[in-house]
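# Working through the structure, step by step
Each chain is listed here by its residues.
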Amino acid sequence: MWLSFRLLLLVLSGLLAGCAASVLPASLQLQVDRTLAFAQLKDSPDSYRGRLVIVGGEVLSAKRLKEGTRIEVLQIPLEDSQAPGKDRTTSEGRFLAMQQEFLDPATLPPGTRVTIAGEVTGATTLPLDETDYTYPTLEIKHLKVWPMRDNQASGPGSYSGPAWHPAYGPWYRYYYWR
């Protein structure tokens, strides 16, 4: 019995590992440079032009341009499942990813978690608040959009904000979840 239980665990872990690898199409699996850390890419993006990397994080903005859709992403290290982690404080910076085919920015609202396999195309410097920020840039080869987490609920049925409450006054912050 103990042996069959161990065998079952082995099979299940193999299946889970197979699911994690399925984020990327098979055609890209062997092309991705998994040795390149985001910190290296951020420090010297031009040195890695042409390399295929896998990065992820949360969408900060998506904007339709003449040449495609530009997505600004707050990098968050990937978990074993290749999904971005949940802790934004682990971010090592931001990057820009360009999708040349039509991609409606409305399908990637801020906070959307993504994993991107992209070819490094260099760097772009853009204003960020009161300074200039140099973003590593990628051309998207594969985009995985992760489902919204429960604490990201938006739209009808969810609300977060100041409201009047008879017991606590007008500045009481409450949350209503569907």
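Refer to the preceding data block for the structure.
Every chain begins its residue count from 1, and numbering advances along the sequence as written. Reporting in this predicted model follows two pLDDT cut-offs: at least 70 for local features of residues, and 80 or more for side-chain atom pairs to be given and counted; totals over whole chains, interfaces and linings ignore these cut-offs and use all residues. Each side-chain value is worked out from all heavy atoms of the structure, with water and hydrogens disregarded.

## Re the overall build of the chain
- In this description a helix means any DSSP run of H or I spanning at least four residues, a strand means any run of E spanning at least two, and both kinds are numbered starting from the N terminus. The helix and strand inventory of the chain stands at three helices and seven strands.
- The linear arrangement of helices and strands in the chain, starting from the amino end, is α-α-α-β-β-β-β-β-β-β.
- Summary of the burial criterion: residues with accessible area below 20% of their type's maximum are buried, those above 50% are exposed, and those between are partly exposed, where the area comes from a 1.4 Å probe applied to protein chains only. Every one of the 178 residues in the chain was classed for burial, and the buried ones make up 35%.
- Here, residues are in contact when the closest pair of their heavy atoms is within 4.5 Å. Intrachain contacts of the chain at a sequence separation of at least 6 include 58% that bridge at least 24 residues.
- Here the Shrake-Rupley method, with its probe set to 1.4 Å, supplies the accessible areas, and only the displayed protein chains count as covering residues. Accessible area of the chain: about 11200 Å², with a carbon and sulfur share of 57%.

## Considerations on the environment of alanine 37
- Along the chain, the position of alanine 37 falls in the loop between helix H2 (26-29) and helix H3 (38-43).
- With 17 residues separating them along the chain, alanine 37 and isoleucine 54 place their C-alpha atoms 9.5 Å apart.

## Focus: the sheet that holds strand E5 (residues 131-145)
- At least two DSSP bridges between two strands are required for those strands to pair. The strand order around the closed barrel formed by five strands is E1-E2-E3-E5-E4, and the pairing between neighbours is mixed. For this sheet, the mean angle separating the axes of adjacent strands, direction not counted, is 40 degrees.
- Where strand E4 (residues 113-128) lies against E5, 14 bridges are found, and the strand directions are antiparallel. For valine 120, the partnering residue across the bridge sits in E5 and is leucine 138. Axis lines are fitted through C-alpha atoms, for helices just across the contact stretch, and the angle between N-to-C directions can take any value from 0 to 180 degrees.

## Here's the deal with the side chain of glutamine 99
- Note on placement: glutamine 99 falls in strand E3 (residues 94-99).
- What qualifies as a polar contact is a pair of N or O atoms within 3.5 Å, subject to a donor-acceptor requirement within protein and to the restriction that residues adjacent in sequence count only when both atoms come from side chains. Separated by 2.7 Å, the side chains of glutamine 99 and glutamate 101 make a polar contact.
- The residues contacting glutamine 99, other than those within four sequence positions of it, are Gly68, Thr69 and Ile140.

## A closer look at the pairing of strand E1 (residues 52-65)
- Pairing analysis gives seven bridges linking E1 to E4, with the strands arranged antiparallel. Each residue of the ladder has a partner; that of glutamate 58, found in E4, is arginine 113.
- Examined bridge by bridge, E1 and strand E2 (residues 68-75) share eight bridges and lie antiparallel to one another. Paired with leucine 65 across the bridge in E2 is glycine 68.
- The hairpin turn running from E1 into E2, its antiparallel successor, is two residues long.

## A short note on the environment of threonine 69
- Note on placement: threonine 69 falls in strand E2.
- Given the relative accessible area of 0%, threonine 69 is considered buried.
- A sequence separation of 36 residues divides threonine 69 from proline 105, and the C-alpha atoms of the two residues are 7.1 Å apart.
- A distance of 3.1 Å separates a polar atom in the side chain of threonine 69 from a polar atom in the side chain of arginine 64.
- Within polar-contact distance, the side chain of threonine 69 engages the backbone oxygen of leucine 103 at 2.7 Å.

## Section: the packing of aromatic side chains
- Stacked, tilted and edge-to-face are the three classes applied to pairs of Phe, Tyr and Trp rings, where Trp contributes its six-membered ring and a pair requires centres within 6.5 Å; stacked means planes under 30 degrees apart, edge-to-face means over 60, and tilted covers the rest. This model, assessed by the stated rule, comprises two aromatic pairs.
- Look at tyrosine 133 and tyrosine 135: their rings are 4.8 Å apart centre to centre, the planes differ by 65 degrees, and that puts the pair in the edge-to-face class.
- The ring centre of tryptophan 146 lies 4.7 Å from the NZ or CZ of lysine 144, which sits over that ring. Each ring is checked for a lysine NZ or an arginine CZ that lies within 6 Å of its centre and within 35 degrees of its normal; such an atom marks a charge sitting over the ring.

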